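A closer look at the structure
Read off the chains here:
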Amino acid sequence: MTDTSAVKRALAAQRIETPSWAFGNSGTRFKVFTQPGVPRSPEEKIADAAAVHRFTGVAPTVALHIPWDKVDDYHALAEYAGSLGVGIGAVNTNVFQDDDYKLGSVTNPDPGVRRKATDHLLEAIDIMDATGSRDLKLWFSDGINYPGQDDLRNRQDRLAAALRETYDRLGGDQRILLEYKLFEPAFYATDIPDWGTSYAHCVELGEKATVCIDTGHHAPGTNIEFIVAFLLRQRKLGAFDFNSRFYADDDLMAGAADPFQLFRIMYEIVRGDALDPAYGITFMLDQCHNIETKIPAIIRSVLNIQEATAKALLVDREALAKAQTDGDVLEANAVLMDAYNTDVRPLLAEVRTDMGLDPDPVAAYKRSGYQEKIVAERVGGRQAGWGA
Ligand code: LRH
Ligand code: MN
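Residues numbered from 1 in each chain as written. Chains lettered and ligands numbered in written order. Predicted model: local features only at pLDDT ≥ 70, side-chain atom pairs only at ≥ 80, totals over all residues. Heavy atoms only, no water.

When four donors bind a metal tetrahedrally, each ideal donor-metal-donor angle is 109.5 degrees, and when six bind octahedrally, the ideal angles are 90 or 180 degrees. The coordination sphere of the manganese ion (ligand 2), as far as protein atoms go, consists of Glu-179 (OE), Asp-214 (OD), Asp-241 (OD) and Asp-286 (OD), spread over 2.1 to 2.2 Å. Taken together, the 6 donor atoms coordinating the manganese ion (ligand 2) span angles of 73 to 170° at the metal, a pattern that classifies the geometry as octahedral. Expressed as a motif, the donor residue spacing for the manganese ion (ligand 2) is E-x34-D-x26-D-x44-D. One end of the pair, Glu-179, is in strand 6 (residues 175-179); the other, Asp-241, is in strand 9 (residues 237-242), and 62 residues separate them in sequence. Assigned by exposure class, Glu-179 and Asp-241 land together as buried. (Donors = N, O, S within 2.8 Å, 3.2 Å for Na, K, Ca; no water. Tetrahedral: all angles 85-135°; square planar, octahedral: opposite > 155°, others 65-115°. Helix = DSSP H or I, 4+ residues; strand = E, 2+ residues; numbered from the N terminus. Buried < 20%, exposed > 50% of the residue type's maximum accessible area, 1.4 Å probe, protein only.)

Written out as C-alpha cells, the structure reads:
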C-alpha cells in the first residue's frame, strides 16, 4: 500500500523552475499578440515569477535568457530576486537571433562567427558566476535547409570544439544542460536533433554535461518516457523543458495537450528515484502564452505537473512489480491506470494547506489583485518579448 504521508512530503519538496521569457510577449511568425501588464524588464519578469512561487510554493527559481534578460549587474539582479523570495536558475544562451548566425553559430563554416558564438557561451558562464546559477542551458538552432548546404560531419566537429571549450570553462558545481530539437528553424538537418546526439556529445564532454529534454522537441509519436528511463539509467538526464503540443514545438501549457504522457514521464522519474531535488534534475517550464493570460497559465502549468507527479507517486509499485513479474499484462496496465485515474486534487489541496497556502492557487491568484496591479502599473515602456 502507498504511504500517503511520504507522497505528501515528496510533493511539498517538488521544485519547478519558471522561464523568464514566458512572462513576456510571444507568438508565432504570423503574429505576436501583446497583453496589458506584461513585464518591461528582467526585474518585472522576476516579480511575476515570485508571484507564481507565492501561490504554488514549489517554483522558487526562475531561468534567465541572455540577452533577453541582459542587465548591467547580474549580482544585483540575483539579490533583487532573493528579496522577492526566488533565486536565479538556469542561464539560457541565445545564438539563434543574430544575422551572423544564418548559416549556424558554433557550427558556422566561418571561424569568426564560431568564435563570436563561443564567446557568448563563455559570457553566460560569467553571468552564472554572478547569479550563483549552476545550470548553463545550451540550445542550438544550428542546422541546414538543403542537402549539400554544408558537411554534416564537419559541423559536428565544430560543435564538439565549442562545447569542449565551454565545458572546460565551467567552475565548481556548474554544469551544461544540452537541449536537442528535431527541427525548426532548420528544416532539413538540425545539428543536435535528438536525444542520442545530445547524449553522445555529453558523454564525450564529461560528467558535468547532461541532456535536457524539451517535451516539444520530438517527432510525433516519440516515446519520451523511454528516453527518460534510458538517460536516468545512464545518469545523463539533467533537466526538462516542460510544455505540451498537439503538432510541433507548440510550447503550450505542460500537461494541457497530453496529461497522460506527462504522467508516464513523471512515473519514470519516480521509478528512478529522481524526483527529489537532491538527485539534481532541474524541472523547468519552457512555454509561450500567446493568447492566454500569462501568470495564471504558468500557475496552471505548475499544477498540471504536480498532478502528474502525485499520480505517479500513487502507483502501487509492489502490485505493479508482481504483475510484471507474473507476466500479467492486463493487471500491470491496470495498476498504472488506477493511479492515473485517481483524482489527486484533494491530496494536493491538503499539501498546499499544510504548506500554509491556499488550496486553489489559480483562484487565489485571481482574488489577489496582482493582475490588476501590474496592468495598472506597467503603462508605457517597451514590453518584453523575443525581440525576433
Ligand atoms: C527552443 C527552446 C529553447 C529556448 C527557447 C526559448 O525551441 O525550446 O529551450 O532557448 O525555446
Ligand atoms: Mn526548450
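Okay, the pattern of salt bridges next. Pairing of side chains with opposite charge becomes possible as their charged atoms draw close. In total, this model carries 28 salt bridges according to the counting rule given. Notably, a salt bridge pairs Glu-307 with Arg-300, separated by 3.0 Å at the nearest N-O pair. Under the relative-accessibility criterion, Glu-307 is labelled buried at 19%. Classification of Arg-300 by relative accessible area gives partly exposed; the value is 29%. Overlapping salt bridges, with partners in common, bring together Arg-40, Glu-44, Asp-48 and Arg-378 in one network. (Salt bridge = Lys/Arg side-chain N within 4 Å of Asp/Glu carboxyl O.)

Around ligand 1, the neighbouring residues are Trp-21, His-65, Lys-137, Trp-139, Glu-179, Lys-181, Asp-214, His-217, Asp-241, Asp-249, Asp-286 and Trp-386. Contact between ligand 1 and Lys-181: an oxygen atom at 3.1 Å from a side-chain N or O atom of the residue. Interatomic distance of 3.0 Å between a side-chain N/O atom of Asp-214 and an oxygen atom of ligand 1. Contact with the protein chains hides 97% of the accessible area of ligand 1, taken as 300 Å² for the molecule alone. Of the residues contributing to the shell around ligand 1, the split by class is 3 nonpolar, 2 polar and 7 charged. (Near = heavy atom within 4 Å. Polar contact = N/O pair within 3.5 Å; in protein donor to acceptor, adjacent residues only side chain to side chain. Areas by Shrake-Rupley, 256 points an atom, 1.4 Å probe, with all protein chains shown as cover. Nonpolar A, V, L, I, M, F, W, Y, C, P; charged D, E, K, R; others polar.)

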